[in-house]
Amino acid sequence: MDEPMDELAATMTGFARTLRAAGVAADHERTQSLLKALGHLDVTDRGEVYWAGRLTLCAGPDDLPRYDRCFAAYFGGRKAALRRTATTSVTRHLAERQDDGESGGDDDGTTAPATASRIEVLRHRDVARLTDAERAEVHRMMALLKGGRARRRSRRFESAHRGALDQRRTIRDALRKGEVARLRHRRHTTRPRTVVLFVDVSGSMAPYAETLLRFAHALVRSEPRATRVYSVGTRLTPITAELRHRDPGTALNEVSKVVPDWSGGTRLGEELKEYLARFSARGAIVVIASDGWERGDPELLGTQMARLARQAYQVIWVNPHKGYEDYQPLTGGMRAALPYLDDLVAGHSLAAFEQLSERLAHA
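The model shown is predicted, which means the values in this text are computed figures rather than measured ones. (Residues numbered from 1 in each chain as written. Predicted model: local features only at pLDDT ≥ 70, side-chain atom pairs only at ≥ 80, totals over all residues. Heavy atoms only, no water.)

1. Things to note about the nonpolar core
Generally speaking, a soluble globular protein has its nonpolar side chains buried in company with each other. Going by this rule: Here, nonpolar core refers to any group of buried Ala, Val, Leu, Ile, Met, Phe, Trp, Tyr and Cys residues whose side-chain atoms link them within 4.5 Å. Under the scheme applied here, a residue whose accessible area is under 20% of the maximum for its type counts as buried, over 50% as exposed, and between as partly exposed, the area being computed with a 1.4 Å probe on protein chains only. Strands here are runs of E lasting at least two residues and helices are runs of H or I lasting at least four, both read from the DSSP assignment and numbered beginning at the N terminus. Whether two residues touch is decided by their heavy atoms; if any such pair falls within 4.5 Å, the residues are in contact.
Counting 38 residues, the largest nonpolar core has Phe215, Val229, Leu243, Val287, Leu356 and Leu360 as its most contacted members. Elements that contribute at least two residues to this core include exactly α5 (116-124), α6 (132-142), β4 (195-200), α8 (206-222), α9 (248-258), β7 (285-289), β8 (314-319) and α13 (350-361). At 8 residues, the largest contribution of residues to this core is made by α8. Not counting residues up to four positions away in its chain, the partners in contact with Val229 are Leu197, Val199, Ala216, Val220, Thr237, Pro238, Ile239, Thr240 and Leu243. Counting residues in each nonpolar core, the second largest holds 25 residues, with Tyr275, Ala284, Val286 and Leu341 among its members.

Next comes the structure, spelled out in structure tokens:
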């Protein structure tokens with residue numbers, strides 16, 4: 001794909017992201033359908049781009065008013081896409097409406113969608129530094145994350161046209177028919193790889209705890225049977241059942257009722273020891289979301305991290321402070337855990353959680 005078409009794809013993908021934030025069902029499959037349609041249209045014609053998007057990205061009549069508002073806000077009344085020979089940045093064709101006055105409420109009571117540039121800014125900003133309105137917008141986009149999961153081979157088998165010979169079925173058919181009329185084959189089934197997520201709810205993680213729990217909610221909603229979530233602080237608390245509620249707000253309210261140690265300290269070593277004594281992480285991707293301020297014995301944490309690493313398929317540590325260029329893992333907890341990690345990633349912004357979600361989908 002040449003450079004102009006690359007920019008066109010980036011533009012329309014950003015437009016689809018804006019629509020999803022506004023509540024339109026513009027998922028990945030619909031976005032790909034739009035891009036295929038635009039390959040057969042004149043992308044310099046605003047009308048053709050408008051109708052291509054309306055027909056591919058909208059799921060029903062309720063989406064149409066939101067689509068119209070997003071289209072006007074995103075493209076600002078200008079040409080909808082690049083000319084095929086253009087080399088300038090696509091952002092020159094976007095509306096740069098940053099004033100709050102341009103994003104007021106609509107007649108139906110819904111909030112007008114943010115412009116493309118504003119959404120990109122919010123995606124990369126530290127959630128601890130957002131206003132309440134900005135954080136609510138980020139949380140709405142967080143609910144749209146597709147928590148896909150890498151798949152692993154299971155012990156179960158299924159019938160297949162090719163693969164290993166299924167001797168039992170072949171012999172059973174032969175006995176029933178009196179001859180070997182057909183060779184039967186089988187193959188292993190696959191299942192999503194389990195993710196075990198530990199969310200630190202201690203005082204030092206308070207600015208990030210809600211966003212982390214909303215990310216956990218997206219994972220549980222996507223793969224309810226292959227996701228286990230625990231809050232950690234001074235106690236280990238399973239919260240997977242509470243996060244299965246469809247509505248994120250309801251789920252977090254239920255979590256708040258069962259977690260007894262909000263804004264306390266962190267004794268991750270003791271809690272991992274308790275987890276490993278009661279459960280298993282064999283073959284799972286373990287994600288620990290914490291800043292590493294360990295109040296317990298760092299040596300105990302190191303010992304339990306070594307045990308965990310021997311069981312797990314991967315161990316990923318999510319630290320909100322990793323998003324800053326000058327970050328160094330100097331806390332006692334981080335230094336104890338670091339030798340046993342497969343990766344240390346940022347966890348301070350929507351973009352960081354999108355990257356983590358992609359990592360889990362392809363691990």
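Additional details are given in the paragraphs that follow.
2. Topic: the packing of α8 against α9
The test is simple: Angles here are taken between N-to-C directions and fall from 0 to 180 degrees, while the axes themselves are lines fitted to C-alpha atoms, restricted in helices to the stretch in contact. A clockwise turn of the near helix away from the far one marks a right-handed crossing, whereas an anticlockwise turn of less than a right angle marks a left-handed crossing. Under the convention adopted here, Pro, Cys and the residues Ala, Val, Leu, Ile, Met, Phe, Trp and Tyr are nonpolar, Asp, Glu, Lys and Arg are charged, and Gly plus all remaining residues are polar.
The geometry of α8 relative to α9 is characterised by a closest axis approach of 10 Å and an angle of 115° between their N-to-C directions. Relative to α9, the crossing made by α8 is right-handed. Counted together, Glu210, Leu213, Arg214 and His217 of α8 and Pro248, Ala251, Leu252 and Val255 of α9 form the full contact between these two elements. Considered class by class, the residues forming the contact of α8 with α9 number 5 nonpolar, 1 polar and 2 charged.

3. Here's the deal with the confidence of the model for the chain
Rules: A residue's pLDDT is the predictor's confidence in that residue, given on a scale from 0 to 100.
For the chain, per-residue confidence averages 83 on the pLDDT scale, and residues scoring 70 or more make up 87% of the total. Low pLDDT, under 50, characterises residues 77-114; the predicted model gives this stretch 77 contacts beyond four residues in sequence or across chains.

4. Focus: helix α10 (residues 268-278)
Keep this limit in mind: This arc corresponds to the set of directions leading from the helix axis out to the C-beta atoms.
Taken as a whole, α10 has its buried residues at Leu268, Gly269, Glu271, Leu272, Tyr275 and Leu276. Buried residues of α10 fall within an arc of 165° about the axis and therefore sit on the same side. Tucked into the core, α10 has its buried residues touching β4, β5 (227-232), β6 (236-238), β7, α11 (298-311) and β8.

5. Here's the deal with the sheet that holds strand β2 (residues 164-165)
What holds strands together in a sheet is hydrogen bonding between their backbones, with the strands either parallel or antiparallel. What counts here: Here a strand pair is declared whenever DSSP counts at least two bridges between the two strands.
Sheet architecture is open: 3 strands sit in the order β1-β3-β2, paired in antiparallel fashion. Edge positions in the sheet fall to β1 (151-160) and β2, since each of these pairs with one other strand and no more. Alignment of β1 against strand β3 (residues 185-192), held across 7 bridges, turns out to be antiparallel. Its bridge partner being in β3, Ala160 is matched across the sheet by His185.

6. Re the pairing of strand β9 (residues 343-346)
Pairing between β8 and β9: 4 bridges, direction parallel. Within β9, the position partnered with Ile316 by the bridge is Asp343.

7. Here we look at the sheet that holds β7
Ordered by their spatial adjacency, 6 strands build an open sheet running β6-β5-β4-β7-β8-β9, and the pairing between neighbours is mixed. Looking at the sheet topology across the chains shown, the edges are occupied by β6 and β9. Put simply, the sheet's adjacent strands are angled 25° from each other on average, direction ignored. Seen against the sheet, α11 touches β7 and β8 and runs at an angle of roughly 130° to β8.

8. Thoughts on the environment of Thr170
Turning to its location among the elements, Thr170 is positioned in helix α7 (residues 167-177). Separated by 11 residues in sequence, Thr170 and Ala181 place their C-alpha atoms 8.7 Å apart.

9. Looking at the pattern of salt bridges
Here is the rule we go by: Each reported salt bridge corresponds to a side-chain nitrogen of Lys or Arg within 4 Å of a carboxyl oxygen of Asp or Glu.
Evaluated as defined, the whole model comprises 10 salt bridges. Asp343 is the partner of Arg359 in a salt bridge, and the nearest nitrogen-oxygen pair spans 2.5 Å. Residue Arg359 is located in helix α13, and its partner Asp343 is located in strand β9; the two are separated by 16 residues in the primary sequence. Taking the relative accessible area as the measure of exposure, Arg359 reaches 25% and is therefore partly exposed. Residues participating in the shared-partner salt-bridge network are Asp173, Arg176 and Arg184.

10. Side note on the packing of aromatic side chains
Under the convention used in this document: In summary, the pairing rule links any two rings of Phe, Tyr or Trp, Trp by its six-membered ring, whose centres are within 6.5 Å, and it sorts them by plane angle into stacked for under 30 degrees, edge-to-face for over 60 and tilted for everything else. Only when the NZ of Lys or the CZ of Arg is both within 6 Å of the ring centre and within 35 degrees of the ring normal is a charge said to sit over the ring.
Following the criterion strictly, the structure yields 13 aromatic pairs and no others. Their ring planes at 80° and their centres at 5.8 Å tell us that Phe15 and Phe71 sit as a pair that is edge-to-face. Placement of the pair is Phe15 in helix α1 (residues 3-21) and Phe71 in helix α4 (residues 63-75), with a sequence separation of 56 residues. Within the aromatic cluster, the residues linked to one another by ring pairs are Phe15, Tyr50, Trp51, Tyr67, Phe71 and Tyr74. Over the face of the ring belonging to Tyr313 we find Arg193, whose NZ or CZ atom lies 3.6 Å from the ring centre.

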